[in-house]
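Here is how the chains run, residue by residue.
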Amino acid sequence: MEINPAGTSFGTYTNYRYLIFKIKPFFKDTRDARIKKKKADDLPKDSLGIIELGKEDVWKIARVKTYKTPEKSYGWVAYHLDKKPDLSPKTTMVTKKTTDSLIYIIDSLKTVIESLPGKAPVRKGNSKRDADDDYITSITDADDTDTSSSASKTGTDLVLHNLKTGEETWFKNVVDYGFSKNGRRLFISQSRNPKDSLSKATVLYFDLRKGFADTLSRGVNDVKNFGMTEDGGRVAFVAERNAKPKDLQKFYKLWYYSEGMDSAILVAEKGMVGIPANSTVSEFGEVSFSKTGKRLFFGTAPIQPPKDTNLIDIDLVRVDIWHYNDDYIQPVQLNRLRRDQQQNYLAAWLIEQNKLVQLGSKEIPLVIRTNEGDGGQFVGITDFGKRIESQWTGSTKKDIYSIDPDNDTKKLVKKDLDGEIATSYISPTGKYIMWYDNKAKNYFIWDGKTEKNITDKIKVPLYDEDNDSPIDPSPYGVMGWMEDENNVLIYDKYGVWKTSVTGISVPYVVVNGRHEDDVYRYVKTDRDERFITPEQEMLFTKFNKQTKLEGLWVIPMGHVDYPISVDSVVNIGFQILKAKNSDEYIYTKETFQRSPDLYVSGKTKVIWNSEKVEGYTLTQSKLSNINPQQANYNWGTAELVKWKAYNGKESMGIVYKPEDFDPTKKYPMICYFYETLSDGLYTYQAPSPTPSRLNIPFFVSRGYIVFAPDIHYTTGHPGPDAYNYIVSGARALVKKGYVDSTRIGIQGQSWGGYQVAYLVTATNLFKAAWAGAPVANMTSAYGGIRWESGLNRQFQYERTQSRIGATLWEKPQLYIDNSPLFRLPKVKTPLVIMSNDADGAVPWYQGIELFTAMRRLGKKVWLLNYNGEAHNLVERRNRKDIQIREQQYFDWLLKDAKPPKWITTGVPAVDKGKDWGLEEAVSP
């Protein structure tokens, strides 16, 4: 069930609260329908549900594709019905008594609910709705220009529902729709009626307060990408209206409407002054207004030549030509093909001046708007002409431009930046442009005249202190800008520095957890927030790197020495939300033992110290209990463990034990690893089939110990570094007395799969090994392609995760020494490999190299290739299958269970699809 909460703050509906959500059909029902080979239109569809909080009624309607509510008003909801809805829609009021009505009703949506007839919705216009009814009774035909028919999209019914009264207005053949931000108007794009050859596609503008619609345009072939001002008083959209159905080129135009006009007017098309030569309005460009409504933004794109219909498909040569001067290699280009075909560049219509300006271009494709589109300085960012080196660096240098949006003049601010710049680095009004320089390891600003280092007086690192890859560490980033824009808040590892961009004050710490190993990060609870104000109370998460506990702090900006609230909760789950008109927060809390439940938190005033500084502490109430059935299962516990690695450094990891753990017994253990995992100590993990990683709660429940060690690296030695931490950690647990040293297995996926393959060449400690998508041979993988992105793999070995730190020809021995393939004669541990033929990250031939070499050497090895599957399994059926096989494999070697047939004799190709080999092998 997908839930989208919608409170109310619009007009007369401020006293009503509603929960609006989708109800998805049961997987079993969809599966059964697919087995019966039903058409897509006949498959089970989502339903819409609405609950008025505090009541026990659920209003439902079937076959709903999408629904939308206004962003800042909640008196209305519009829902778009799927194709072929029932002609007489039935609504149902669902009621069951309970002491806790809200929790019970939400939970009961997953069960069979008693249905009682509800009030039929009231509709404007005709009370009877037939297939060919007019959309609504009061539509003004403001633009009746005739055009030829077009094979435009066929829409479906859209229903505008009044949450308070239940009154509804129906619109037919709707393709797209959307509310203005304040919820006063609804924009609707309708296709022509396929049953009426004289009908025309229409653009409607419905006024929710007045209850009628204006026709902005009639007779268009296609409408796309509408945008509105916040009050809905102005609207713009891109439309094509002149092309014949068989035309090979179609040109879109930009249309504009302001309240009071008869119909929308044309404001931009190819050939107009301000539109670049050989360019046109893009059908893919975003259409939006600036905050004040004085600028209208849209996209332009080069006109593409029409398809040559004289070419015969059977004679066409299909060849990819790789050229050394290409910006991107061919696989990247093919991966980006749709994006490149839809590439468009920012343009603006200055409404008061009636002037078109082109802001972006092929040379400067990214333009960041400031001051909500009304800024006097925009920022252009480009890596044009610098992209080739991304093949081995993984990133590109950037040029930064200052752009005047009123006349499109550009000024180069920074050339060849090796560092980072993002929207959050630019002051909200565009007064300052800031960036981080990787080499200088500092932040710089440009004030319109000069470049200045603003963080050189901060003596702690502002970059990743734990970086262990041969690449410049990334900065921790920017929290936000102060209201005057003369100060910016910048993160270090543990807290936040207030930094003057003018240099009139020395940077100082706003919040700092360095001494306690606490990491503070700001939680933005107001999505419209642009600045941090001096009086503002700031919500932070606090995460302790030693205990892994996470909490919430509320700190007043003006009294940073006095944290006014701490909530010592454990792991915080999804986005933390704050009530708009009260000091209440809603969030989830979880541990490995407790699944995420909703909590609401309020503030209680307290006196903090002898100076009688007033503050607040959080009080919290639990709202849900979503997983009571877990009590019926042998679950598990998670605890932090520390030990000294073989390099003498202290490391940590997580030990998962069965809930009925007995310290006097010896348990089989599986080691699972991927980089560092200990920060997830309190993360809840559902025992559902995973994409390929170890299903930890499942194995723990079956009586296994699971050990997840952190791994740290030195440049050039990823294999020995993995051995250093994993093997030392496993032996440290054996010394505790509850792990059977003769029954230890290892499982890893991707980078973890590589480490499994390496470890079985370096030690005989492990009795069973399972490697998902491993790299076996770094010398052949180095030049391979990550097919999902099209990227060459060189950057990964030289600068990122593989951590070799040099090219293959500079240090070939490091590539050989770290490759399991060259060490396979030492292997004694049985190994299962998963290597899928549609893997988009690791070339699947790496698994083949590993399998064929071990097979020739007479080692026990199996390879699973899930046909057409990705790097991490996507299909649920395949996820279930691999979980079963992992259980069978580890139970066989670590618990003396009888092996299934796929392990003992395999499954011949002639039996594929008939025998999966999961049954217990029959003795000869």
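Residues numbered from 1 in each chain as written. Predicted model: local features only at pLDDT ≥ 70, side-chain atom pairs only at ≥ 80, totals over all residues. Heavy atoms only, no water.

1. Focus on the pairing of strand E13 (residues 202-207)
Of all six residues that make up E13, six are buried, and the element is covered over most of its length. Residues of E13 alternate between two faces, with Thr202, Leu204 and Phe206 on one and Val203, Tyr205 and Asp207 on the opposite face, all of them buried. Here strand E12 (residues 185-190) runs beside E13; their pairing, made up of six bridges, is antiparallel. Bridge pairing in E13 places Ser189 opposite Val203. Alignment of E13 against strand E14 (residues 212-218), held across six bridges, turns out to be antiparallel. When the bridges of E14 are listed, Asp207 appears paired with Phe212. Turn length for the E13-E14 hairpin, with the two strands adjacent in sequence and antiparallel, is four residues, and the turn residue Gly211 shows positive phi of about 80°. (Buried < 20%, exposed > 50% of the residue type's maximum accessible area, 1.4 Å probe, protein only. Helix = DSSP H or I, 4+ residues; strand = E, 2+ residues; numbered from the N terminus. Pairing = 2+ DSSP bridges.)

2. Considerations on the environment of Gly227
Within the element layout of this structure, Gly227 appears in strand E15 (residues 222-228). For the pair Gly227 and Phe289, spaced 62 residues apart in the sequence, the C-alpha separation amounts to 6.9 Å. When residues no more than four places from it in sequence are discounted, the contact partners of Gly227 are Arg234, Val235, Ala236, Val287 and Phe289. (Contact = heavy atoms within 4.5 Å.)

3. Details of the nonpolar core
With 50 residues, the main nonpolar core has Met669, Cys671, Ile746 and Phe766 as its most contacted residues. Here this core takes seven residues from helix H8 (residues 751-762), the largest share from any one element. The residues contacting Ile746, other than those within four sequence positions of it, are Ile670, Cys671, Phe673, Val756, Leu759, Val760, Phe766, Ala768, Ala769, Trp770 and Phe890. (Core = buried A, V, L, I, M, F, W, Y, C linked by side-chain atoms within 4.5 Å.)

4. Topic: the pairing of strand E27 (residues 409-417)
Strand direction decides the pairing type here: strand E26 (residues 398-404) and E27, joined by six bridges, are antiparallel. Pairing of Tyr401 across the sheet is with Leu412, part of E27. Here E26 folds back onto E27 in antiparallel fashion, the turn holding four residues, of which Asp408 has a positive phi close to 65°.

5. Concerning the sheet that holds strand E17 (residues 253-258)
Pairing in this open sheet of four strands is antiparallel, and the strands run E15-E16-E17-E18 from one edge to the other. A strand with exactly one partner marks an edge of an open sheet, and here the two such strands are E15 and strand E18 (265-268). Adjacent strand axes in the sheet meet at a mean angle of 35°, parallel and antiparallel pairs treated alike. Direction of pairing for E15 relative to strand E16 (residues 234-240): antiparallel, over a ladder of five bridges. In the sheet register, Met228 faces E16, and the bridge partner there is Val235. (Axes fitted to C-alpha atoms, helices over the stretch in contact; angles between N-to-C directions.)

6. Side note on the packing of helix H7 (residues 718-734) against H8
Where H7 meets H8, the closest approach of the two axes is 9 Å, and the angle between their N-to-C directions is 80°. Relative to H8, the element H7 lies roughly perpendicular. Side by side, H7 and H8 meet where Pro718, Gly719, Pro720, Ala722, Tyr723, Ile726 and Val727 of the first sit next to Trp751, Tyr754, Gln755, Tyr758, Leu759 and Ala762 of the second. When the residues that make up the contact of H7 with H8 are grouped by side-chain class, the tally is eleven nonpolar, two polar and no charged. (Parallel < 35°, antiparallel > 145°, perpendicular 65-115°, else oblique. Nonpolar A, V, L, I, M, F, W, Y, C, P; charged D, E, K, R; others polar.)

7. What to know about the packing of aromatic side chains
All chains considered together, the criterion is met by 35 aromatic pairs. Note on Tyr782 and Trp809: the rings are 6.0 Å apart at their centroids and 85° apart in plane angle, and the pair reads as edge-to-face. With a gap of 27 residues between them, Tyr782 in the loop between helix H9 (778-781) and strand E51 (785-786) and Trp809 in the loop between helix H10 (794-798) and helix H11 (812-817) connect regions that are remote in the sequence. Classification of Trp809 by relative accessible area gives exposed; the value is 63%. (Phe/Tyr/Trp six-rings, centres within 6.5 Å; stacked < 30°, edge-to-face > 60°.)

8. As for the pattern of salt bridges
Under the counting rule described, the total for this entry stands at 48 salt bridges. Of the charged contacts in the structure, one is a salt bridge between Asp583 and Lys578, with a shortest N-O distance of 3.8 Å. By relative accessible area, which is 28% here, Lys578 ends up partly exposed. In this structure, Asp896 engages Arg743 in a salt bridge whose closest nitrogen and oxygen atoms are separated by 2.8 Å. With Asp896 in the loop between helix H13 (876-895) and helix H14 (901-904) and Arg743 in strand E49 (residues 739-749), this residue pair connects regions lying 153 residues apart in the sequence. Judged by relative accessible area, which is 53%, Asp896 ranks as exposed. (Salt bridge = Lys/Arg side-chain N within 4 Å of Asp/Glu carboxyl O.)

9. What to know about unusual backbone geometry
In this structure, Asp517 is a non-glycine residue whose phi angle is positive, near 60°. Inspection of the secondary structure assignment puts Asp517 in the loop between strand E35 (508-511) and strand E36 (518-522). Non-glycine residue Lys548 carries a positive phi angle of around 70°. With respect to the helices and strands, the residue Lys548 is situated in the loop between strand E37 (537-544) and strand E38 (550-556). Residue classification places Lys548 among the buried residues on the basis of a relative accessible area of 3%.

Don't take any of this as a statement about function, it's just geometry.
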